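Analysis of the macromolecular model
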Amino acid sequence: MDWGRAKNVLIYAFLLLNLVLGYQLWIDMREQADTSLDFASLSESTQKVMKEKSIQLLCQIPSMTPQLPKITYQYVNGDSVGRQVTLGEHIESQLIFKERELVNALKQSIPDIANYQYDPQASEYATKSELERIQEAGAAGRFVMHTLVDHKWPLFNDQLELYYSEQRIISYRQSPVEITAVDDEEHQKMMPASNALKTLVERHLPPGSAIKDIQLGYYGQVYNSESQVAAPSWRFTLESGDMYYVQGISGDVTVTSPKTEKERE
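As the structure is a prediction and not an experimental result, all values here were calculated from the model. Here the residue index of a chain counts from 1 through its sequence in written order. Residue-level local features of this predicted model are given only where pLDDT is at least 70; pairs of side-chain atoms are given and counted only at 80 or more, and the full residue set underlies all totals for whole chains, interfaces and linings. Heavy atoms throughout the structure, all of them, feed into the side-chain values; hydrogens and water do not.

Turning our eyes to something else, we now look at the overall build of the protein. Secondary structure is summarised from DSSP: a helix means a run of H or I of at least four residues, a strand means a run of E of at least two, and numbering begins at the N terminus for each. Counting its regular elements, the protein contains six helices and 18 strands. Burial classes follow relative accessibility: with a 1.4 Å probe on protein chains only, a residue under 20% of its type's maximum area counts as buried, one over 50% as exposed, and anything between as partly exposed. Every one of the 265 residues in the protein was classed for burial, and the buried ones make up 44%. A sequence separation of at least 24 residues applies to 67% of the contacts in the protein between residues at least 6 apart. Carbon and sulfur atoms provide 49% of the accessible area of the protein, an area that totals close to 15,400 Å². Contact definition: two residues touch when any of their heavy atoms are within 4.5 Å. Residue-level accessible areas treat just the shown protein chains as cover; the underlying method is Shrake-Rupley with a 1.4 Å probe.

This is the structure in structure tokens:
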């Protein structure tokens, strides 16, 4: 066996592997840079207003502007809250941070759990009625998950609540939804999150606000109707727990607060 030749082959193989890994690292870093912006990327006028109103930006600004349609959805059981179901076997609560393991642990009880996404922001704040449901479940708290549109975008109006106590998930409350695209609805390009932020800063956010999270998903005001409409929207979560939804096409703004349980335009 020609050991010298074999050695050269190994050296070239390692060099090629390093080139591939280096290229992949460069791609990952580029994608990461392309998916978020910082405070300096905002216009001078927006930065000026933020400084004048002492508004803090504690997170990155997403730069994606996908083309998305409006959707319609309806609750399968006609109930937006659902009923509480006790788990036969309690689940370790830390699995909420391990998506695959959580799905495996709950798929027998919640077959469509794989199409839900954990929402740490909604989990942190609860309205009076939600606190009552937590107490009714005999739980210490809850994790909130949202069903996904096209397996990617959370529907903020829909909530799967996982109740936990003593570091274990003990029960859940779910109201499954059926989602369809609006007939003849065109896919329209979203306004950038930076533009939505500009609108909020200049017209809606009170002085001293601190923005801790910005996320893209679907949201729509709920009406007394069997079928509901939701549009792609930017959700801005403040440290106070207030959430501002900026409709991605029209720019309409809706705010929800855990203190009032009411939507305001």
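Moving on: the confidence of the model for the protein. Across the chain, each position has a pLDDT score giving the predictor's confidence in that residue, from 0 to 100. Looking at the protein, pLDDT values average 85 and 82% of them are 70 or higher. Mean pLDDT across the secondary structure elements of the protein bottoms out at helix H1 (residues 3–34), with 47, and peaks at strand E7 (residues 116–118), with 97. Within the model, pLDDT remains below 50 along residues 17–35, and this stretch shows four contacts once partners closer than five positions in the same chain are excluded.

The salt bridge criterion pairs a side-chain nitrogen of Lys or Arg with a carboxyl oxygen of Asp or Glu, the two atoms within 4 Å. Following the criterion strictly, the structure yields nine salt bridges and no others. Note that Lys-198 is salt-bridged to Glu-202, the shortest N-O span being 2.7 Å. Highlighted residues: Lys-198 and Glu-202, both in helix H6 (residues 193–203), separated by four residues, approximately one helical turn. For Lys-198, a relative accessible area of 29% translates into the label partly exposed. With relative accessibility at 36%, the residue Glu-202 sits in the partly exposed group. Among the ionic pairs, Arg-235 bridges to Asp-213, the shortest N-O distance being 3.9 Å. Of this pair, Arg-235 sits in strand E15 (residues 228–238) while Asp-213 is found in strand E14 (residues 210–219), placing the two residues 22 residues apart along the sequence. The two residues Arg-235 and Asp-213 agree in class, both being buried. A single network of salt bridges, built from pairs that share partners, joins Glu-130, Arg-133, Arg-142 and Glu-161.

What follows deals with the pairing of strand E16 (residues 243–247). By the criterion of burial, E16 is predominantly enclosed, with five of the five residues buried. Of the two faces of E16, the one holding Met-243, Tyr-245 and Gln-247 and the one holding Tyr-244 and Val-246 are both buried throughout. Two strands are said to pair when DSSP picks up at least two bridges between them. Strand direction decides the pairing type here: E15 and E16, joined by five bridges, are antiparallel. Directly across from Thr-237, in E16, lies its bridge partner Met-243. Between E15 and E16, which follow one another and run antiparallel, lie four residues, and Gly-241 among them has a positive phi close to 100°. The pairing of E16 with strand E17 (residues 253–256) spans four bridges and is antiparallel.

Structurally, Ala-122 can be placed in helix H4 (residues 120–124). With 119 residues separating them along the chain, Ala-122 and Gly-241 place their C-alpha atoms 8.4 Å apart. Those residues in contact with Ala-122 that lie beyond four places of it in its chain are Arg-142, Val-144, His-146, Gln-159 and Met-243.

This part is about the pairing of strand E8 (residues 141–149). Counting buried positions along E8 yields nine of nine residues, so the element is predominantly enclosed. In this sheet, E8 lies alongside E7 in antiparallel orientation, the contact comprising three bridges. Following the sheet pairing, Gln-117 is matched in E8 by His-146. Two elements, E8 and strand E9 (residues 153–154), share two bridges in a ladder whose sense is antiparallel. Looking across to E9, one finds that Leu-148 is bridged to Pro-154. What sits between the antiparallel neighbours E8 and E9 is a turn of three residues, in which Asp-150 has the positive phi angle 55°.

The biggest cluster of nonpolar side chains holds 35 residues, and the ones touching the most others in it are Ile-211, Ile-214, Trp-234 and Phe-236. Broken down by secondary-structure element, the contributors of at least two residues to this core are helix H2 (44–52), strand E5 (71–75), H6, E14, E15, E16 and E17. Among the elements that take part in this core, H6 stands out by supplying five residues, more than any other. If we ignore the near neighbours within four places in the chain, the residues touching Phe-236 are Ala-193, Ala-196, Leu-197, Leu-200, Ile-211, Asp-213, Ile-214, Asp-242, Met-243, Tyr-244 and Val-246. Here, nonpolar core refers to any group of buried Ala, Val, Leu, Ile, Met, Phe, Trp, Tyr and Cys residues whose side-chain atoms link them within 4.5 Å. In terms of nonpolar packing, the next biggest core, distinct from the first, is built from 16 residues, Ile-96, Val-103, Met-145 and Leu-162 among them.

Now for the environment of Ser-209. Along the chain, Ser-209 falls in the loop between H6 and E14. Each C-alpha atom, one on Ser-209 and one on Asp-242, is 9.9 Å from the other, the two residues being 33 residues apart in sequence. Ignoring any residue separated from it by four or fewer positions in sequence, one finds Ser-209 in contact with Ser-54, Ile-55, Gln-56 and Leu-238.

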